[in-house]
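Secondary and tertiary structure notes
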Amino acid sequence: MEPIEISEILENYKNGSSSASKPYNVLISNLSDPNVKSVFIVKVLRGLSDFVTNLDKKFEHLIGTVLKLDWPNREPRVVIEYQTFILNLISANTFYLKSCLKSFITRFRPSDDTDVNDVIDEQRNKDGLIFLNIHAILRSIVKIVPMAPKILMPLLIDYYPYITRSGYHHECYLKNLLLMPQYLTNDRRQILALIVGKLLELDTRSPRQAILDAIDDETEDDDNEDEEMNVDEIFVMDESLSAEKAEVQEKSTDQLSHSEANKLDILMEILLQYIHNTCFVSGQLNWEETKKLYKELLGVFEDVILPTHSSSHVQYLLFYICSFKQPLADGFIDYLWKKVKNPNTQPIYRQAAVAYMCGLISRGLFVPISTAVVTMEHMSQWIHSYIQQSSYSVVVDVTRHRTFYSVCQALFYIFIFRHKEILQSQKGYKFSLNLNLQAIVTCRLNPLKICLPVIVKTFSSVTRQHQIAFCDTIIEHNNRAFIPVTTLDRSHSYSQLCHTNSLDSFFPFDPYILPRSKHAIEPLYREYSGNPIEDDDNDSTGEDEDEFLKEQLPDHSVEVSMAKSPTQLLLYGSSPGFKHT
């Protein structure tokens, strides 16, 4: 069939000739044939190009058939002819723009829902060529149609793979999204927000304990005599990965048995690699590109990560990029501290911000002790100022003073993790005394009653050992005290009532346990070194450490949704991450 014949068929159909319908329908039928020859496709495309200015809505069925052609997987001449026709079509009639973009975006998802570990190299190479051809035509469309990006973004959201699709499905779509900022230069933050939001869905469906259970399942065949994880192992996350579990992680870096966690692991590795490749060129940090990406990720953190409940791993994207250069970490800490101090910010978000801040300072090996010292000084000043302003208050109330207790706990947490570095310096002891921790722990607001018990005991042990503050008497008094809670009988002890009046906390930088992607985080991560609770004669509670943990461990079994009720308590995680030695 010659091009002129194609044009005649189209012309007759447009004019409504009585004999035009049959040739037109035959043309569509031939194009719909899965075995259609490339030579025929090229001839039809050339005929359509000759008639392109007349291809109005009446030809919508024909254009829809053309959009369904398997063109990206054919020889270069077909690809070139197809791209030329599409550009001519969109230029002549923008009515078809959305349909064209939709057909291209859907091809970012492979047709076969194959598991990522079953995809052979041949399939990856084939899909890779298809994706490159699609990006080439999208790049050209964006150049000639200024409104294209506004139509693309909603389509990218609508056609993101369902959470139940295979890891390879998600992998392909994510990689294609990360290629799009090369030509959607003003939309990278939106694309990153979309990606991070979808990863958070996987993250919140992959609780830390579920991942550890999946690792446990993988070890059962090798060791049927493994002991069941006790309460202390669940609570102290640094210790939760035993030597046996760590060995399994090293051996099985390809896949976890937990489906959502396995997908998250795959996608986190891709995204962490993207961050590295964007910021480093030939091993050298590109500072301008790094600053730009950092600002975009900070915006995504503000809009997507900070308000999300029970995320365990996605927040490490900020942790990772902050490790590239000290000003990034300092900037992130400054951003968080301003949010903490801002009284117009909801208390629940102020609490979250201080948790991220103290987690970064405590866990990041790249955060220098100078930054920790300055931050602790600011925290201490803010706490003392708050105490003075609240001198009239004698009520220990989490709801009323949530930010205060959160900052106190953060200060205690940082001091526990970094006190050795501080005290090794020439002026470290004087600095520690100048924090006036004794005045904080003895104030009427009684932070030791509200903060997480294991943090309180560890902080008490460390400060007593170095004669910086003495908390034992207050802790003993708090343990004997009765807290009037209307929903419980007054005969309950403090240890029983602490569930209702203690500071529900989360630790966003608990150990990173996804086996495939953890290699990027582990070299940057500080494990706690030391005995969190010294079991000696000075321990005023007189309780065994394990018994204390079993008794005082806050109940985090009830989950809440911040999106539905932002005034609910954060229950992101319960582990302060102290490692027993």
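Here, the structure is the one placed above.
What you are looking at is a predicted structure, and each value in this text was computed from that prediction instead of being measured.

**Focus on the overall build of the chain**
In terms of helices and strands, the chain carries 28 helices and 2 strands. Counting only residues that meet the buried cut, the chain has 55% of its 581 residues in that class.

**Some words on the packing of aromatic side chains**
In this structure the tally under the stated criterion is 34 aromatic pairs. Here Phe108 and Tyr173 contribute two aromatic rings whose centre-to-centre distance is 6.4 Å and whose plane-to-plane angle is 75 degrees, an arrangement assigned as edge-to-face. Remark: Tyr173 occurs in helix H9 (residues 167-179) and Phe108 occurs in the loop between helix H6 (97-106) and helix H7 (121-144); sequence separation between them is 65 residues. Under the relative-accessibility criterion, Phe108 is labelled buried at 0%. Judged by relative accessible area, Tyr173 falls into the buried class, the value being 0%. Consider the rings of Tyr356 and Phe506, whose centres lie 5.7 Å apart with planes at 70 degrees: the pair is edge-to-face. Here Phe506 lies in the loop between helix H27 (494-501) and helix H28 (545-552) and Tyr356 lies in helix H19 (residues 347-363), a separation of 150 residues in the sequence. As far as the burial class goes, Tyr356 and Phe506 line up, both buried. Aromatic ring contacts, followed pair by pair, group Phe301, Tyr316, Phe319, Phe332, Tyr335, Tyr356, Phe366, Phe506, Phe509, Tyr512 and Tyr525 into a single cluster. Lys58 extends its terminal NZ or CZ atom over the ring of Tyr13, reaching a point 5.1 Å from the ring centre. Its guanidinium or amino end placed over the ring of Trp287, Lys325 lies 4.3 Å from that ring's centre, counting from NZ or CZ.

**Describing the pattern of salt bridges**
When their charged atoms lie close together, side chains carrying opposite charge are able to pair. All chains considered together, the criterion is met by 16 salt bridges. Two residues, Arg46 and Glu81, come together in a salt bridge whose shortest N-O distance is 3.2 Å. On the criterion of sequence distance, the pair formed by Arg46 in helix H3 (residues 38-50) and Glu81 in helix H5 (residues 76-92) is long-range, its members being 35 residues apart. Here the salt bridges do not stand alone but share partners, grouping Arg124, Glu171 and Lys175 into one network.

**Section: H5**
Compared with the 24 Å implied by 1.5 Å per residue over 17 residues, the 24 Å span of H5 between its first and last C-alpha is a close match. The set of residues buried in H5 consists of Val78, Val79, Glu81, Tyr82, Gln83, Phe85, Ile86, Leu89 and Ile90. Packed against the buried residues of H5 are H3, helix H4 (60-67), H6 and H7.

**So, unusual backbone geometry**
Despite not being glycine, Asn436 shows a phi value in the positive range, around 50 degrees. You can see Asn436 is positioned in the loop between helix H22 (428-434) and helix H23 (437-441). Judged by its relative accessible area of 38%, Asn436 falls in the partly exposed class. Even without being glycine, Gln467 reaches a positive phi, approximately 55 degrees. Positionally, Gln467 belongs in the loop between helix H25 (453-465) and helix H26 (472-480).

**Looking at the side chain of Gln409**
Tracing the chain through its elements places Gln409 in helix H21 (residues 402-424). If near-sequence neighbours (up to four positions away) are discounted, Gln409 is found in contact with Cys451, Leu452, Ile455, Leu503, Ser505 and Phe507.

**Considerations on the environment of Phe404**
Secondary-structure assignment places Phe404 in helix H21. A residue is classified by how much of its surface remains accessible, and Phe404, at 0% relative accessible area, is buried. For Phe404 and His384, which are 20 residues apart along the polypeptide, the C-alpha to C-alpha distance reads 9.9 Å.

**Brief notes about H3**
In this model H3 runs 19 Å from its N-terminal to its C-terminal C-alpha over 13 residues, within 8% of the 18 Å that 1.5 Å per residue would give. Every buried residue belonging to H3 is among Ser38, Phe40, Ile41, Val42, Val44, Leu45, Gly47, Leu48 and Ser49, and all of these are buried.

**Describing empty space enclosed by the protein**
In this approach, a probe sized like a water molecule rolls over the atoms, and the result shows the empty space that is left. Per the counting criterion, the structure on display carries 4 cavities of 30 Å³ or more. For the largest cavity, the calculated volume is near 120 Å³. Ala355, Ser406, Gln409, Ser505 and Phe506 are, among the 14 residues lining the largest cavity, the residues nearest its centre. Looking at the lining of the largest cavity, the elements with two or more residues in it are H19 and H21. Looking at side-chain class alone, the lining of the largest cavity contains 9 nonpolar, 4 polar and 1 charged residues.

Procedures and definitions
Residues numbered from 1 in each chain as written. Predicted model: local features only at pLDDT ≥ 70, side-chain atom pairs only at ≥ 80, totals over all residues. Heavy atoms only, no water. Helix = DSSP H or I, 4+ residues; strand = E, 2+ residues; numbered from the N terminus. Buried < 20%, exposed > 50% of the residue type's maximum accessible area, 1.4 Å probe, protein only. Phe/Tyr/Trp six-rings, centres within 6.5 Å; stacked < 30°, edge-to-face > 60°. Lys NZ or Arg CZ within 6 Å of the ring centre and 35° of its normal. Salt bridge = Lys/Arg side-chain N within 4 Å of Asp/Glu carboxyl O. Expected span 1.5 Å × (residues − 1). Contact = heavy atoms within 4.5 Å. 1 Å grid on protein atoms, 1.4 Å probe; cavity = no way out; pocket = protein on both sides within 12 Å on 5 of 7 lines; lining within 4 Å. Points joined across faces, edges and corners; volume = space filled by probe spheres on them. Nonpolar A, V, L, I, M, F, W, Y, C, P; charged D, E, K, R; others polar.

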